[in-house]
Amino acid sequence: MPLRPFVYHRPKSLSELLGLLAMVEDDFVLMGGGTEVLLQIKEGLKKPQTVIGLGGIGELSLIKEEEDGLFIGAGVKLSDVANAPTVNKHFPALAQAARKVASPQLRNMGTIGGNVCLDTRCHYFNQVLWAGGFDPCLKRKGERCYVVPAGKRCYALFCADTPAALLLFDTEVRLISPRGERKVPLNDLYRDDGMDHLSLKKDEVIVGFKLFYERGRRSGYVRFSPRKAIDFPLVGIALAVTGERGKGEFSVRIAATGLTSRPLRLSILEELIKEDCGRDWEEGMERLAVVRHGGISPSYRRHIALVLTERLLNGL
Amino acid sequence: MVCERRRIVLNVNNFSYEVEAAPHETLLYVLREKLNFRGAKEACDGGECGACTVLMDGRPVLACLILAWDGEGRKITTVEGLAQEGKLSPLQEAFLAEGAVQCGFCTPGMLLSAQAFLDTAENPTEEEIREALAGNLCRCTGYVKAIAAVKKLAKEGREKNNGL
């Protein structure tokens, strides 16, 4: 599959990138490691006139310890996130999540910024080679959703691994654009809309992520996927605890990927676990709206989320 | 829209090659069609199978999802770079000895993934070897013999280092 022709820019510094963003008039896409962007161009899902590669910008690939936390540049490769000693020490859930992504080759190419921005997935959008056989779905600029035919929006699923882990650590996203810099909590970067799941402006670039330390916190990430390697999770669960269950001070945070069009904190479940009053977790999960996707029923997906949560809770 | 081609310099298997490439040409295309390194294979062309694996600065990557322009200034190794002076590398010999090859289409990628792994791993477990080869799909012989080959070589390397 040849790529459609495009103009390619590869800035060497953030200031060069900002100059480029202020100037570029074409329809452009930003490319981190290229593992998704180039694939989408090959599949005709993106047809940019210009591609801006971020791989040459050294400022984006730093891991830096700060007083109250760790800064990870958006351009750091997933394999480097998985192997970084500081990440493994303070944020094990993130290291474990990064280690689960795709395959060794793709982890050597893909960046954490790219994984956080990863497009949503759906059988009718980016998992079909026979897409010519039916009218395009909403996300392919068509008029209907095949997953929820009565729905008004796109229900494609967000399936990246690392954002679930990042949500545990109060992660702050540092953004830059020709108009200036800003910080947003990672949670506010996403919205539950499969078509357009990022609240980023077109000319905004993620510089990196700030994760915060917490004394005594233990964390982990587990996922369930049809294949162990080169696959996306059906459900991925990241969990962090401080203290001991049932013994005074205890707090738990749970975040999930693969359930909806965004990664999300499972606050209902967090409360039920913390109260520990014997109420049915299953019942609590029922309150989370999940749709049938790829032949997987909502109840099965919720069940997996609970099983993974229990495994983590018992293991930490 | 102007997509200008330009001359780029690629360092492949320790030789520099000057070649003309358009911005949208992949490293795989340039390696195979312009520089005649046919060891890297085009199979799924979408990052799923690992047949196009090459090493970039010693790390396995997929040449089908890398732009040729981005290969500039990097040290690229293809399977052709493993044999030295017409002699197969120890890893290639181990693959032969174990019979880890059938149709051979996945073999270059698997060799490169395994080589990069052996270059850094000390005393690897079978689980670690499996993980290192997880990005290379084989559709005929399976993985048992390839894993055995890597294991054998890792063990030999260890014995050599221990002076046995």
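Residues numbered from 1 in each chain as written. Chains lettered and ligands numbered in written order. Predicted model: local features only at pLDDT ≥ 70, side-chain atom pairs only at ≥ 80, totals over all residues.

## Topic: the overall build of chain A
Of regular secondary structure, chain A possesses twelve helices and twelve strands. In terms of C-alpha radius of gyration, chain A reaches 20 Å, essentially the compact-globule figure of 20 Å for 316 residues. In terms of overall dimensions, chain A has a C-alpha envelope of 60 × 50 × 35 Å along the principal axes. Each of the 316 residues in chain A was classed as buried or not, and the buried ones make up 47%. (Helix = DSSP H or I, 4+ residues; strand = E, 2+ residues; numbered from the N terminus. Rg over C-alpha atoms; globule rule 2.2 N^0.38 Å. Buried ≥ 20, exposed ≤ 12 C-beta atoms within 10 Å, placed from the backbone.)

## Structural notes on the interface of chain B and chain A
Counting residues at the interface gives 26 residues for chain B and 24 residues for chain A. Considered class by class, the residues forming the side of chain B that touches chain A number 14 nonpolar, eight polar and four charged. (Contact = placed C-beta atoms within 7 Å. Nonpolar A, V, L, I, M, F, W, Y, C, P; charged D, E, K, R; others polar.)

## Section: the sheet that holds strand 3 (residues 50–53) of chain A
All names here are of chain A. Spatially, three strands are ordered 1-3-2 in an open sheet, and the strand pairing comes out parallel. Whereas interior strands pair on both sides, the edge strands pair on one side only; in this sheet they are strand 1 (7–9) and strand 2 (28–31). Direction aside, the axes of adjacent strands within the sheet are offset by 20° on average. Relative to strand 3, strand 1 runs parallel, the two sharing three bridges. Bridging from a neighbouring strand, valine 7 pairs with threonine 50 of strand 3. (Pairing = 2+ DSSP bridges. Axes fitted to C-alpha atoms, helices over the stretch in contact; angles between N-to-C directions.)

## Things to note about the domain arrangement of chain B
Residue and element names in this part refer to chain B. Per the domain assignment, the segments of chain B are domain 1 (7–81) and domain 2 (90–161). Each of domain 1 and domain 2 was reduced to a C-alpha centroid, and the two centroids are 22 Å apart. Counting residues at the interface gives 16 residues for domain 1 and twelve residues for domain 2. At the level of elements, strand 3 (53–56) and strand 4 (59–62) are the ones that each hand at least two residues to the side of domain 1 that touches domain 2. In terms of residues, the side of domain 1 that touches domain 2 owes the most to one element, strand 3, which gives three residues. (Domains from an automatic or database assignment.)

## Regarding the pairing of strand 11 (residues 247–257) of chain A
All names here are of chain A. Of the pairings in the sheet, the one linking strand 10 (residues 235–244) to strand 11 comprises nine bridges and is antiparallel in character. Bridging across to strand 11, alanine 240 finds its partner in arginine 253. Hairpin geometry of strand 10 and strand 11 is characterised by an intervening segment of two residues between the two adjacent antiparallel strands and by a positive phi of about 75° at glycine 246. Pairing between strand 11 and strand 12 (residues 264–265): two bridges, direction antiparallel. Bridge pairing in strand 12 places alanine 255 opposite arginine 265. Linkage of strand 11 to strand 12, two consecutive antiparallel strands, is achieved through a turn of six residues, within which glycine 258 is found at a positive phi near 95°.

## Thoughts on the sheet that holds strand 9 (residues 218–224) of chain A
Residues and elements named next belong to chain A. Pairing in this open sheet of four strands is antiparallel, and the strands run 9-10-11-12 from one edge to the other. Only two strands of the sheet have a single partner each, and these edge strands are strand 9 and strand 12. Packing of helix 5 (residues 92–100) onto the sheet brings it into contact with strand 9 and strand 10, and relative to strand 9 it is tilted by some 25°.

## Considering unusual backbone geometry
Glycine aside, residues mostly have negative phi, and peptide bonds are mostly found in the trans state. Although it is not a glycine, A:Ala102 sits at a positive phi angle of roughly 45°. Within the secondary structure, A:Ala102 sits in the loop between helix 5 and helix 6 (104–109).

## A few points about helix 3 (residues 107–120) of chain B
All names here are of chain B. Between the first and last C-alpha of helix 3 there are 20 Å, a value that for 14 residues agrees with the 20 Å anticipated at 1.5 Å per step. With eleven of 14 residues buried, helix 3 lies mostly within the body of the structure. Buried residues of helix 3: Thr107, Pro108, Gly109, Met110, Leu111, Leu112, Ser113, Ala114, Gln115, Ala116 and Phe117, and no others. (Expected span 1.5 Å × (residues − 1).)

## Considering the confidence of the model for chain B
Fine structural detail should not be taken from predicted coordinates in areas where pLDDT scores are low. Per-residue confidence for chain B gives a mean pLDDT of 93; residues scoring 70 or more make up 95%. For this predicted complex, the interface confidence score (ipTM) comes to 0.95, while the overall pTM stands at 0.95. (pLDDT = per-residue confidence, 0-100.)

## Points about the environment of B:Leu82
Residue and element names in this part refer to chain B. Relative to the assigned elements, leucine 82 resides in the loop between strand 5 (75–77) and helix 2 (90–98). The partly exposed category is assigned to leucine 82, around which 19 C-beta atoms lie within 10 Å. When the C-alpha positions of leucine 82 and glutamine 115 are compared, they lie 8.7 Å apart, and in sequence the two are 33 residues distant. In this view, leucine 82 contacts Ser89, Leu91, Gln92, Leu111 and Gln115; residues no more than four positions away in its chain are not counted.

## Observations regarding helix 1 (residues 27–34) of chain B
Residues and elements named next belong to chain B. By the burial criterion, the buried members of helix 1 are Leu27, Leu28, Tyr29, Val30 and Leu31. Here the buried face of helix 1 lies against strand 2 (15–21). Directly beyond the C-terminal end of helix 1, a positive phi value near 65° is found at asparagine 36.

## As for the nonpolar core
A:Val81, A:Leu94, A:Ile237, A:Ala238, A:Ala256 and B:Ala63 are the most contacted members of the largest nonpolar core, which has 139 residues in total. When sequence neighbours within four positions are dropped, the list of residues in contact with A:Ile237 reads A:Ala164, A:Val222, A:Ile254, A:Ala256, A:Ala305, A:Leu308, A:Thr309 and A:Leu312. (Core = buried A, V, L, I, M, F, W, Y, C linked by C-beta atoms within 7 Å.)

## A few points about the packing of helix 2 of chain B against helix 3 of chain B
When two helices pack together, their arrangement is given by the angle between their axes and by how far apart the axes lie. Residue and element names in this part refer to chain B. In contact at an axis separation of 10 Å, helix 2 and helix 3 are set at 125° when each is read in the N-to-C sense. One way to sum up the angle between helix 2 and helix 3 is to call them oblique. Considering the relative orientation of helix 2 and helix 3, their crossing is right-handed. Here helix 2 contributes Leu91, Gln92 and Phe95 to the contact with helix 3, which in turn contributes Thr107, Leu111, Ala114, Gln115 and Leu118. (Parallel < 35°, antiparallel > 145°, perpendicular 65-115°, else oblique. Left-handed = near helix turned anticlockwise from the far one by under 90°.)

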